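Chains, contacts and geometry: an overview
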Amino acid sequence: MFFVDTLEFEGLGNRSYLAGGPRAAVAVDPPRDIDQVIAAAAKRGVRIAYVAETHVHNDYITGGLELARVTGASYLVPAAAHVSFARTPVADGDTVTVDEGLVLRALATPGHTPHHTSYVLEEDGRGAAAFTGGSLLIGTVGRPDLVEPRLTEELARAQHASAHRLADELDDEVPVLPTHGFGSFCSSSQAEGDATTIGRERTANDALTRDVDTFVAEMLAGLDDVPAYYAHMGPANAAGPAPVDLTPAGRADAGEIAARLAAGEWVVDLRSRTAFAEGHVAGSFNFEGDGKLATYLAWLIPWGKPVTLLADTPERIADAQRELARVGIDRPAAAATGDPAAWIREGERLASFPRARFADLAEVRGRGEEVVVLDVRRDSERAAGHVEGAVHVPVHELYGRLDEVPSGTVWVHCAGGMRAAIAASLLDAAGRAVVAVDDGFDAAHEAGLTVTRP
């Protein structure tokens, strides 16, 4: 009998897997914090014999090289991937024996990257699970535009062919176990559900139900923004990432926090948007620890800028440090926990700004008050409908475009509140009067605001 354990990383929308038999296992697309994979193997009582990468990742730093070094496992990397470290190159059709009766077979599935490789776990010669990385996802496929713009259409067509190859070679009951597609921006579109099979994808996945020209045209038209930090992930993974360091950051007192802000460094408050709005260190930014912390902080921060973390508890700092390390923000410059009043110097006051609902915005507009409405959703979201008269600057562009926001009190909104809170903190730090709209976008129309739709 074989097993497959799933390691889920909700912040990045990714999964890794540990699969094997009673004595040995393979880790597929492991995260940088490899202790979780090692713990999963220890719980199973198995040796990690192989570490397998489906591709050189664009959205996170891999732990594969370090995991192979620590465990003595063979490191399987697609032969066509250009990397700077020693590995076991795998090509289409190559196999390795994971445990008795369990074979891992490489299946070339280009599309997400030119060298992308899926792996089929076979038990006694029959396909038992397909680790599809960024190829066949749940209801969609991995995006083809992360490598080189000139290759995008070619890779989109390759995605279609790769999806069909998987469907043609595997039985309907074989589970499809992708790395991306659970909120990851590596997915070409977002799909519902978190489990699927080849048979289900055969009837529900556009790559398998549409002809190649229709599929490619629709996918390319629907591609969304690419997080800026992706530009740093591929090169780091190809060079061979350094081991992760999760030892606690040094403690920052009020004086050090002020000094770091004065030096132009980023001070990031991980508390809830409600708590932040009520009282925070002036000049700090709010990225909720419970939100997509790594995605949005890594997307917005100037790469390499030192970051100090503030939170209620040491546990929150530790969780954030782990998540940020997965995207190459290796070490917080410093950290502080506890009561925000202790984060400011004597004689200073915590800053604050109001929160509101769309109904409050409608009331203010109804009184004839002139306010700036700032929509920080992505282009694709705004295209589906927006509040009439709203200025549009996506949150991931706002830090560099603050001077484009018209003068006046800014009522900032997104689709649910999290990104509006980030944007409000950026505006507040820049000295702007701001109101954070903490509401679902559907409430805008219900509140009587005019929502322009295509």
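The following refers to the structure shown. (Residues numbered from 1 in each chain as written. Predicted model: local features only at pLDDT ≥ 70, side-chain atom pairs only at ≥ 80, totals over all residues. Heavy atoms only, no water.)

Take the overall build of the protein next. Broken down by element type, the protein carries 16 helices and 22 strands. Since a compact globule built from 454 residues should have a radius of gyration of about 22 Å, the 24 Å found for the protein is in line with a globular shape. Here the protein holds 454 residues, and 55% of them are scored as buried. Residue pairs in contact within the protein that sit at least 24 positions apart in sequence constitute 69% of those at least 6 positions apart. In the structure as shown, the protein presents an accessible area of about 18,200 Å², 49% of it carried by carbon and sulfur atoms. Taken as two groups, the 40 positive and 66 negative side-chain charges of the protein have centres that lie 2 Å from each other. (Helix = DSSP H or I, 4+ residues; strand = E, 2+ residues; numbered from the N terminus. Rg over C-alpha atoms; globule rule 2.2 N^0.38 Å. Buried < 20%, exposed > 50% of the residue type's maximum accessible area, 1.4 Å probe, protein only. Contact = heavy atoms within 4.5 Å. Areas by Shrake-Rupley, 256 points an atom, 1.4 Å probe, with all protein chains shown as cover. Lys, Arg positive; Asp, Glu negative; His and termini not counted. Charge placed at Lys NZ, Arg CZ, Asp CG, Glu CD.)

Our next topic: the sheet that holds strand β11 (residues 176–178). Pairing is mixed in the open sheet, where 5 strands are placed in the order β7-β8-β9-β10-β11. Whereas interior strands pair on both sides, the edge strands pair on one side only; in this sheet they are β7 (95–99) and β11. Within the sheet, the average angular offset between the axes of one strand and its neighbour, ignoring direction, is 25°. Relative to strand β8 (residues 102–108), β7 runs antiparallel, the two sharing 4 bridges. Bridged to Asp99 within β8 is Leu102. Here helix α3 (residues 152–169) sits on the sheet in contact with β8, β9 (117–123) and β10 (126–133), set at roughly 145° to β8. (Pairing = 2+ DSSP bridges. Axes fitted to C-alpha atoms, helices over the stretch in contact; angles between N-to-C directions.)

The next subject is the environment of Asp438. Relative to the helices and strands, Asp438 resides in the loop between β21 (434–437) and α16 (442–446). When the C-alpha atoms of Asp438 and Ala129 are compared, they prove to be 42 Å apart, with 309 residues separating the residues in sequence. When near neighbours in sequence (up to four residues on either side) are disregarded, Asp438 contacts Arg273, Arg355, Ala356, Arg357, Gly416 and Gly417. Reaching out from Asp438, the side chain makes a polar contact with the side chain of Arg273 at a distance of 3.0 Å. (Polar contact = N/O pair within 3.5 Å; in protein donor to acceptor, adjacent residues only side chain to side chain.)

The next thing to look at is the pairing of β10. With 6 of 8 residues buried, β10 lies mostly within the body of the structure. In terms of strand pairing, β9 meets β10 through 5 bridges, oriented antiparallel. In the sheet register, Val120 faces β10, and the bridge partner there is Ala130. Remark: 2 residues form the turn of the hairpin made by β9 and β10, two consecutive strands paired antiparallel; Asp124 in that turn has positive phi of roughly 50°. Bridging between β10 and β11 involves 3 bridges; their strand directions are parallel. In the strand pairing of β11, Gly133 is matched with Pro178.

Taken together, the buried positions of helix α8 (residues 254–262) are Ala254, Ile257, Ala258 and Arg260. The buried residues of α8 occupy an angular sector of 165° when the element is viewed end-on, so they sit on one face. Backbone nitrogen of Gly255 and a side-chain oxygen of the N-cap are separated by 3.2 Å at the start of α8; the cap is Asp253. (Arc of directions from axis to C-beta.)

Right, let's get into the nonpolar core. Nonpolar side chains tend toward joint burial in soluble globular proteins. Within the largest apolar cluster, 53 residues are counted, with the highest numbers of intra-cluster contacts made by Trp266, Phe287, Leu297, Leu374 and Leu398. Looking at which element gives the most residues to this core, the answer is helix α10 (residues 293–300), with 7 residues. Counting 23 residues, the second-largest nonpolar core is a separate cluster that includes Phe3, Phe9, Val37 and Ile48. (Core = buried A, V, L, I, M, F, W, Y, C linked by side-chain atoms within 4.5 Å.)

Burial of strand β1 (residues 3–9) is one-sided: the residues Phe3, Asp5, Leu7 and Phe9 facing one way are buried, the residues Val4, Thr6 and Glu8 facing the other way are not. Pairing analysis gives 7 bridges linking β1 to strand β2 (residues 14–20), with the strands arranged antiparallel. Within β2, the position partnered with Val4 by the bridge is Ala19. Count of turn residues in the β1/β2 antiparallel hairpin: 4 residues, of which Gly13 carries a positive phi of about 70°.

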